[in-house]
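Residues per chain, in single letters:
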Amino acid sequence: LLFIAAKWCIIGRYKEGRYPIFGAYYLRWWMVNQLQELLGAGILERNLSLYYRLLGARIGAGVKISKDTALSEFDLLFIESDVALDNATVRPFAMDTRGCFTLRRIQIGENSCVCAKSIIAGGAILPASTCVAPLSSSHELCDARPENRRHCRPLRALPPLWLKVL
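Residues numbered from 1 in each chain as written. Predicted model: local features only at pLDDT ≥ 70, side-chain atom pairs only at ≥ 80, totals over all residues. Heavy atoms only, no water.

Enquirer: Explain the nonpolar core to me, and be specific about the residues and the numbers.
Expert: In this structure, Y14, Y51, Y52, L85, F101 and L103 are the most contacted members of the largest nonpolar core, which totals 39 residues. Sorting the residues of this core by element identifies helix 1 (2-10), helix 2 (24-39), helix 3 (48-54), strand 5 (77-79), strand 9 (100-103) and strand 10 (106-108) as the ones contributing at least two each. Apart from the residues lying within four places of it in its own chain, the contact partners of L103 are Y14, K15, E16, G17, Y19, Y25, W29, E73, L76, P92 and F93. By size, the runner-up hydrophobic cluster in this structure holds five residues, among which are A84, C113, C131 and C152. (Core = buried A, V, L, I, M, F, W, Y, C linked by side-chain atoms within 4.5 Å. Buried < 20%, exposed > 50% of the residue type's maximum accessible area, 1.4 Å probe, protein only. Helix = DSSP H or I, 4+ residues; strand = E, 2+ residues; numbered from the N terminus. Contact = heavy atoms within 4.5 Å.)

Okay, structure coming up:
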């Protein structure tokens, strides 16, 4: 909970745009990222959807986020209902060659899934029912196929308790 309060005090709401490296906005952005690494989700680790909503992300109902998924610049994330994120990176941040960084909005359509080790970059718009394959990115959406859904671990049924004990 401490990180949530710190994020709102230090940077407020993230805004789309291009910002100079080592400017005031960069310094606040960097500080929030360092605090996120240091403090993490804390007691909200079991309910990551609520955690990211409190940080400013728009997250629909039934969204499943694995604990290994990396989300940042939360106010620029629009995740519709029934999306599954499995150990992926969803990041609106990008560097450019002119000494600036950009923040761009990301929208993930309903009933989509992003498999392990995939990256969704700033400016990406994933249509509804898009299934990004493992080790892929939002730049390769032409390869997104419904068959990739079977690789997304949050969508798999949990094993029975007796099997977990073994």
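Enquirer: Describe the pattern of salt bridges, naming the residues involved and giving the relevant values.
Expert: Under the definition given, this model contains six salt bridges. Between K7 and D75 there is a salt bridge, with its nearest N and O atoms 2.6 Å apart. Here the residue K7 occupies a position in helix 1, and D75 occupies one in the loop between strand 4 (70-71) and strand 5, the gap between them amounting to 68 residues. You can call K7 buried: its relative accessible area is 0%. (Salt bridge = Lys/Arg side-chain N within 4 Å of Asp/Glu carboxyl O.)

Enquirer: Before we move on, could you go through the sheet that holds strand 7 (residues 89-91) and cite the residues and values that matter?
Expert: Overall, parallel pairing links the three strands, which are arranged 4-7-12 in an open sheet. One side of each edge strand has no neighbouring strand; the edge strands of this open sheet are strand 4 and strand 12 (119-121). Where strand 4 lies against strand 7, two bridges are found, and the strand directions are parallel. The partner of L71 across the bridge, within strand 7, is V90. (Pairing = 2+ DSSP bridges.)

Enquirer: I'd like a rundown of the environment of S129, residues and numbers included.
Expert: Its location among the elements puts S129 in the loop between strand 13 (125-126) and strand 14 (131-132). For S129, a relative accessible area of 43% puts it in the partly exposed group. On a C-alpha basis, the gap between S129 and T69 in space is 19 Å, while along the polypeptide they are 60 residues apart. Non-local contacts of S129, meaning those with residues more than four positions away in its chain, are made with E110, N111 and S112.

Enquirer: Account for the side chain of D86, with residues named and values stated.
Expert: Counting through the fold element by element, D86 comes out in the loop between strand 6 (84-85) and strand 7. Look at D86 and you get buried, because its relative accessible area is 2%.

Enquirer: Tell me about helix 2, and please be specific about residues and values.
Expert: Helical geometry note: an α-helix holds 3.6 residues per turn, so side chains three or four residues apart project in the same direction. In a regular helix each residue adds 1.5 Å, so 16 residues correspond to 22 Å; helix 2 covers 22 Å between its end C-alpha atoms and thus fits that length. Every buried residue of helix 2 is accounted for by Y25, Y26, W29, V32, N33 and Q36. Each buried residue of helix 2 lies within a common arc of 130 degrees when the element is viewed along its axis, so the set occupies one face. Among the exposed residues of helix 2, those pointing more than 90 degrees away from its buried face are A24 and L38. Looking at the packing, one finds that the buried side of helix 2 touches helix 1, strand 1 (17-20), strand 4, strand 7, strand 8 (93-95) and strand 9. Just downstream of helix 2 lies G40, where phi reads positive at about 65 degrees. (Expected span 1.5 Å × (residues − 1). Arc of directions from axis to C-beta.)

Enquirer: Help me get a handle on the packing of helix 1 against helix 2, residues and values and all.
Expert: One way to put it is that helix 1 packs onto helix 2 with a least axis distance of 10 Å and a crossing angle of 180 degrees. When the interaxial angle is binned, helix 1 and helix 2 end up roughly antiparallel. Residues L2, F3, A6, K7 and I10 of helix 1 pack against R28, M31, V32, L35, Q36 and L39 of helix 2. (Axes fitted to C-alpha atoms, helices over the stretch in contact; angles between N-to-C directions. Parallel < 35°, antiparallel > 145°, perpendicular 65-115°, else oblique.)

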